[in-house]
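# Report on the structure
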Amino acid sequence: MSYCASPWNFSRRPTREVVVGDPAAGGVVIGGHHPVVRQSMITCDTMDTEACIRQTLDLVAVGCQIVRITAPTVKDAANLQHIVAGLRAQGCRVPIVADIHFKPEAAMEAVKWVEKVRVNPGNYADKKKFDVREYTDAEYAAELERIRERFTPLVRICKEHGTAMRIGTNHGSLSDRILNRYGDTPLGMVESAMEFLRICRDEDFHEIVLSMKASNPQVMVQAYRMLVNHMLREGMNYPLHLGVTEAGDGEDGRVKSAVGIGALLEDGLGDTIRVSLTEEPEAEIPVARALADRYSARRGDPIPEVHKLPIDPFSHERRHTREVLNIGARHVPVVMADLSGKERITPASLFSWGYAYSVPLDKWNLADQACDYAFIGKHRIDFEIPGTLGIVQEHATWLGDTHKERHYPQVNAIDFLAGVQLHPQLNFIHCTLKELDAGFIAKVKNDPTAVLLIDTWNDHGYAEQRRLFFELMDQGCDVPVVIGRAYGGITEEQLQLHASTDLGALLLDGLGDGVFIAPEGVGNDAAVNRLAFGILQATRTRISKTEYISCPSCGRTLFDLQETTARIRSRTSHLKGVKIGIMGCIVNGPGEMADADFGYVGTGPGVITLYREKEVVKRNVPSAQAVDELIALIKEHGMWVEPAAAHA
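This is a predicted model, so every value here is computed, not measured.

The rules behind the values
- Numbers given to residues run from 1 along each chain, matching the order in which its sequence is written.
- With pLDDT at 70 or above as the cut-off, local features in this predicted model cover only qualifying residues; side-chain atom pairs require 80 or more to be listed or tallied, and sums for whole chains, interfaces and linings still use all residues.
- Side-chain descriptors were evaluated using all non-hydrogen atoms of the structure, hydrogens and water having been removed beforehand.
- Here the rule is simple: two strands pair whenever DSSP picks up at least two bridges between them.
- Each helix corresponds to a stretch of at least 4 residues labelled H or I by DSSP, and each strand to a stretch of at least 2 residues labelled E; elements are numbered beginning at the N terminus.
- Pairs of residues are marked as contacts when any of their non-hydrogen atoms sit within 4.5 Å.
- Axes here refer to lines fitted to C-alpha atoms; in helices the fit is confined to the stretch in contact. Angles between the N-to-C directions go from 0 to 180 degrees.
- Nonpolar side chains (Val, Leu, Ile, Met, Phe, Trp, Tyr) within 5 Å and like charges within 9 Å form the patches, drawn only from residues with over 30% relative accessible area and no salt bridge.
- Here the accessible surface of atoms and residues is derived via Shrake-Rupley with a 1.4 Å probe, and residues count as covered only by protein chains that are part of the display.
- Each salt bridge in this description consists of a side-chain nitrogen of Lys or Arg and a carboxyl oxygen of Asp or Glu lying within 4 Å of one another.
- In this analysis, rings of Phe, Tyr and Trp, with Trp reduced to its six-membered ring, are considered paired at centre separations within 6.5 Å, and the interplanar angle assigns stacked below 30 degrees, edge-to-face beyond 60, and tilted for intermediate values.
- Look at NZ for Lys and CZ for Arg. If either is within 6 Å of the ring centre and within 35 degrees of the ring normal, a charge sits over the ring.
- Here the nonpolar core consists of buried residues drawn from Ala, Val, Leu, Ile, Met, Phe, Trp, Tyr and Cys, with membership extended through side-chain atoms lying within 4.5 Å.
- Only protein chains enter the accessibility calculation, which uses a 1.4 Å probe; a residue whose area is less than 20% of its type maximum is buried, one above 50% is exposed, and one in between is partly exposed.
- Counting of polar contacts relies on pairs of N or O atoms within 3.5 Å, with two restrictions inside protein: one atom must be capable of donating a hydrogen and the other of accepting it, and residues adjacent in sequence are counted only when both atoms are side-chain atoms.
- Handedness of a crossover: with both strands directed away from the viewer, a clockwise path from the first strand across the helix to the second marks it as right-handed.

### Re the sheet that holds strand β10 (residues 272-273)
Taken in spatial order, the eight strands make up an open sheet running β8-β7-β6-β5-β4-β3-β10-β9, and their pairing is parallel. Edge positions in the sheet fall to β8 (208-213) and β9 (241-242), since each of these pairs with one other strand and no more. Pairing analysis gives two bridges linking β9 to β10, with the strands arranged parallel. Opposite His-241, over in β10, you have Thr-272 as the bridge partner. Across the face of the sheet, helix α9 (residues 284-293) comes into contact with β3 (37-41) and β10 while running at roughly 155° to β3.

### Considering the sheet that holds strand β17 (residues 427-431)
Spatially, β11-β14-β15-β16-β17-β18-β19-β20 is the arrangement adopted by the eight strands of the closed barrel, whose pairing is parallel. Ignoring which end each strand starts from, the neighbouring axes of this sheet average 25° apart. Note: strand β16 (residues 407-412) against β17, three bridges, orientation parallel. Across the sheet, residue Gln-410 finds its bridge partner in β17, namely Phe-428. Against the sheet, helix α15 (residues 525-538) touches β11 (334-338) and β20 (514-518), its axis set at about 145° to β20.

### Considering a nonpolar patch on the surface
A grouping of Phe-351, Tyr-357 and Val-359 is seen on the molecular surface, where their side chains present a nonpolar patch of about 300 Å² in accessible area. Here Val-359 shows up in the loop between β12 (355-358) and β13 (363-366).

### Here's the deal with the packing of aromatic side chains
Overall, the coordinates contain 13 aromatic pairs when judged by the stated rule. Judged by centre distance (5.7 Å) and plane angle (80°), the ring pair of Tyr-124 and Phe-151 falls under edge-to-face. Of the two residues, Tyr-124 is situated in the loop between β6 (116-119) and α4 (137-161) and Phe-151 in helix α4; the sequence distance between them amounts to 27 residues. Pairing Tyr-124 with Phe-196 gives two aromatic rings, centres 6.3 Å apart and planes at 90°, and the pair type is edge-to-face. Here the residue Tyr-124 occupies a position in the loop between β6 and α4, and Phe-196 occupies one in helix α6 (residues 186-202), the gap between them amounting to 72 residues. Taken together through their ring pairs, the aromatic side chains of Tyr-124, Phe-151 and Phe-196 make up a single cluster. Here the basic side chain of Arg-181 rests over the ring of Tyr-140, its NZ or CZ set 4.1 Å away from the ring centre. Over the aromatic face of Trp-8 sits the side chain of Arg-467, whose NZ or CZ is 6.0 Å from the ring centroid.

### A short note on the nonpolar core
Grouped burial of nonpolar side chains is what soluble globular proteins tend to show. Grouped together as the largest cluster of nonpolar side chains are 156 residues, with contacts concentrated most on Phe-151, Leu-154, Met-165, Leu-210, Leu-452 and Ile-517. Element by element, the count of residues in this core is highest for helix α7 (residues 217-233), at nine residues. Residue contacts for Phe-151: discarding those within four places in its chain leaves Val-119, Tyr-124, Met-165, Phe-196, Ile-199 and Cys-200. Of all hydrophobic cores here, the second largest spans 19 residues; its members include Ile-582, Ala-626, Ile-631 and Trp-640.

### As for the side chain of Arg-322
Looking at where Arg-322 falls in the secondary structure, it is placed in the loop between α9 and β11. The exposure class assigned to Arg-322 is buried, which follows from its relative accessible area of 14%. Side chain to side chain, Arg-322 and Asp-478 meet in a polar contact 2.9 Å long. For Arg-322, the contacting residues outside a window of four places in its chain are Ile-327, Gly-328, Ala-329, Val-444, Lys-445, Asp-447, Pro-448, Ala-450, Asp-478, Val-479 and Pro-480.

### Describing the environment of Pro-121
On the secondary structure map, Pro-121 appears in the loop between β6 and α4. Judged by relative accessible area, Pro-121 falls into the buried class, the value being 1%. C-alpha separation for the pair Pro-121 and Ile-147, spaced 26 residues apart in sequence, amounts to 9.4 Å. Beyond its immediate sequence surroundings of up to four residues, Pro-121 is in contact with Asp-126, Ile-167, Gly-168, Thr-169, Ser-192, Ala-193 and Phe-196.

### Section: the pairing of strand β5 (residues 96-100)
With five of five residues buried, β5 is to be regarded as a mostly interior element. In the sheet, strand β4 (residues 66-70) pairs with β5 via four bridges, with the strands oriented parallel. Looking at β5, one finds that Ile-69 is bridged to Ala-98. You can see the chain leave β4, run along helix α2 (residues 74-89) and come back into β5, and the turn it takes is right-handed. Strand direction decides the pairing type here: β5 and β6, joined by four bridges, are parallel.

### Remarks on α9
Burial analysis of α9 places seven of its ten residues in the buried class, which makes it a mostly covered element. Of the residues making up α9, those classed as buried are Glu-284, Ile-285, Val-287, Ala-288, Ala-290, Leu-291 and Ala-292. For α9, the secondary structure elements touched by its buried residues are β3, α1 (49-61), α8 (250-266), β10 and α14 (492-508).

### Regarding the pairing of β3
Among the five residues of β3, five are classified as buried, and the element is accordingly described as predominantly covered. Along β3, one buried face is formed by Val-37, Gln-39 and Met-41 and the opposite face, lined by Arg-38 and Ser-40, is buried too. Bridging between β3 and β10 involves two bridges; their strand directions are parallel. When the bridges of β10 are listed, Arg-38 appears paired with Ile-273. For β3 and β4, the ladder comprises three bridges, and the chain directions are parallel. Each residue of the ladder has a partner; that of Met-41, found in β4, is Arg-68.

Spelled out as C-alpha cells, the structure:
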C-alpha cells in the first residue's frame, strides 16, 4: 500500500534530480528537494516562429519555468531550432519541451533543439482503434519487443544530447494493447508508462519525469499513487509531473485541478505541475503557483501514525456509514451552509444557497445546487423554511427552539459526553482528532442520532482529518461525518483552491458524508455554495450540473476552444449530470469520449467529429453547424430537457 513518505505527517517524497537545461543559465532542476516547478504550453502554430516566441516570453513574464510546444510533424520539430534560437537571442533561457504524439520521427528531430521531450506511450508506437483482442503471453512479449525497437533510438539520442524526457501517460489515449490486457484503469495507465520506463533503465538513461494525467481526478490520483508504488517495488525514484488534463475553464477548471493536484501535493507527491485550463496559457501560472506555494514551507502539528491503512489508496470505495435522516449510508454527501455570521437571517439569506421564494405562487423553489442544512449559530428563524432544508443551531439556542420542525443542535464533544438534552432524530457533534478518545467513540457508536461535524486547526489538516476517519474505522464506528473546514485571512481564489484540496482529497478517498465550508468573510454566499457543490462534482460524489471535459489549447488545436466551449456551455449548462467532451484535436479525443456522454472533437480545419461516448456518430460536420448537431445528438439519445423544464 506504500506510495508516499508518510500519509500522516507532511514530507516531500524523495526523488532523483532531473536537470532540464543549464540551471546556471535559466534551466531548472526537477525533483530532489527543489521547489515544485511551474509549467505551461503555448497555443499557437509551431510553424509561426514569431508568435511562438511572443507567447513563450509572455508565459515567462508571469512566472512560467518550463514551456511546452507541440511538434506534431517532423517539419514542426525542425522549426523548434528557430524558436529556441529566437528566444536565446532575446536573453530568454527558459527550457523548452517538445510535445510528441504519433510521430517518433518528430521526437528524433526535436531532441536536437530542445531541453526536454515529452512522449505519450499510448501513441508513440501504437494506434488506437478500439480493437478487441486477446493476447497470449508470447504475443504480448513480442509486442513489448516491437516497442523496445521503436523507442530505444529516442532514448539513446536523448542520452547523447543530454535531453530530459517526460513519459506522459494520458487516460484518454491508452493503446488498444494496454486496454485489452489491463482495461481502462489506473493500472493500465501505470503499466503503459512502466513499459517505457524499463527500457530507459535498461539503457542506463535516467533523466526522466513521469505523469499520469486524466480528466477524472479520482482516476488521476489513483494512477499517480499506483505509479509510485510500482516504482518503489522496482527500486525507482523518478520525479512526477502533476496535472488534471482537460480540466475545463473558470471555476470548474480550478476546482477540478486543485482536487487532483492538491490531493497529491498533500501527500508530498509532485515535483512539477501544469494546470490545464481552457483559457489563455498565462492564466494557468498563478493557479499553479498558488497550489505549489502552500507546500513550500508546510508546517503542522504531529499526527499519531498507524501501521496499516484501512482504505485502498489505489481504488475508490465509500466508507460504510449508518443512515441518520438524509445523511450517511447511500445518500449523496450533504452541503451545509454557514449563515452564522449574518446580523439577521431572512428569507433572502437563503437565495444564494439555492432557494428562491416565488411571491406570486407563494412557494419556495429549489435549485439543483440547494444546500441541505444551514448552520445559523445563535440566530433564530422567524419565517417558514423550505420543506427540505434543515436548520442547525448552537445547542443553547436550539434548546429554546426545540418545538420547531427540522431544527437540530450542534453540540461540542464535552457537552455531548456530559449528557445534555439532544434531538430525538439528528444531532451534530463538533469534534477534532484530539477529542476522539475511547469514551467518546463508544458513546457516538451507540447513539443512532449522532453525526460528527469534524474540524481541524492543524496546518496539515487534511492528514489530521484523514487520521480521524481511520480511527473511527479502526474502532468499527460507522457514524456519518460532515467534513468542516474554516478559512480566514486568504483571498477568494485561495479559498477556492484550498477548500478543493482539503475536502476533495478526503472525498476521493471515499471519506465524508457532507461538507461544511466556513469562509470567515472570504467570498460571497453564492460563490461558497457553488464551490461546495463544485468540489462534490469534481470528486464524482454528487452530480448537480453539466460536466465539461475541455482541453487547453495548443498548436494542434483546430478551432477556438475558449469561444466554442462558451457556446456549448451557454446551450447545455442546464443538463444536470450530462458529460460533454470538447477536444481541440484527435490526440485524446477518442479516449476521453469514453468517459463523456457526448464528444465534440476537431478533426480538420473547420470540421468537427461528434461522438456518443467512444463511438463516432458524425464526421466532417462544419463548425458553424456543429453545436446544433451536438444538441440534436443529445436529443436523439433522450438526454435533452428544455431549459425551462430543467429549472421548474
